[in-house]
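# Chains, contacts and geometry: an overview
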Amino acid sequence: MSMLGKLFGGKPEKKAPDELLVPHPIPALVSILYRLEQDKGASLTEAEVVSARDNAVCIMLPVSKATQLAEKRGYDDVDLEDVWDSWCRYRTAIAADQDRPLKL
């Protein structure tokens, strides 16, 4: 079974011909940013967050598969179009929930 087959659980389904494809970072960008910030030992700057997004490895997925992947993972990734504000919201949530280990 291929890696994508294992990831999505079985034989690939044929996507609807008009289903939109979206870029999807692998691994999730939020986990990349979290690790970069942990390694740095300080908050990332907006330029660093944008650079991480711009250099992230992405695959193109149909919207329905990207949604399924987020559900399977248990959290949504940061918004690629609004990466700085989205990352800031994640950081606020992470700081507020320090007692619960992150599942990134």
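Residues numbered from 1 in each chain as written. Predicted model: local features only at pLDDT ≥ 70, side-chain atom pairs only at ≥ 80, totals over all residues. Heavy atoms only, no water.

### Topic: the nonpolar core
Counting 13 residues, the largest nonpolar core has Leu29, Val30, Leu33, Val49, Val78 and Trp87 as the members making the most contacts within it. Elements that contribute at least two residues to this core include exactly α2 (29-40), α3 (46-55) and α5 (83-96). Examining the composition of this core, we find that three residues originate from one element, α2, more than from any other. If near-sequence neighbours (up to four positions away) are discounted, Val49 is found in contact with Leu33, Leu44, Val83, Trp84 and Trp87. (Core = buried A, V, L, I, M, F, W, Y, C linked by side-chain atoms within 4.5 Å. Buried < 20%, exposed > 50% of the residue type's maximum accessible area, 1.4 Å probe, protein only. Helix = DSSP H or I, 4+ residues; strand = E, 2+ residues; numbered from the N terminus. Contact = heavy atoms within 4.5 Å.)

### Focus: the confidence of the model for the protein
Predicted confidence across the protein gives a mean pLDDT of 85, with 77% of residues reaching 70 or more. When mean pLDDT is compared element by element in the protein, α3 scores highest at 98, while helix α1 (residues 3-8) scores lowest at 64. (pLDDT = per-residue confidence, 0-100.)

### What about the pattern of salt bridges?
One pass over the structure, following the stated rule, counts four salt bridges. Between Glu48 and Lys40 there is a salt bridge, with the nearest N and O atoms lying 2.8 Å from each other. The exposure class of Glu48 is partly exposed, given its relative accessible area of 31%. (Salt bridge = Lys/Arg side-chain N within 4 Å of Asp/Glu carboxyl O.)

### Some details on the packing of α2 against α3
Interhelical geometry of α2 versus α3 gives an angle of 135° and a closest axis separation of 10 Å. As far as their axial angle goes, α3 and α2 are oblique. Like other packed secondary-structure pairs, α2 and α3 cross with a definite hand, here right-handed. Where α2 abuts α3, its residues Leu29, Leu33, Leu36 and Lys40 lie against Glu48, Val49, Ala52 and Arg53. (Axes fitted to C-alpha atoms, helices over the stretch in contact; angles between N-to-C directions. Parallel < 35°, antiparallel > 145°, perpendicular 65-115°, else oblique. Left-handed = near helix turned anticlockwise from the far one by under 90°.)

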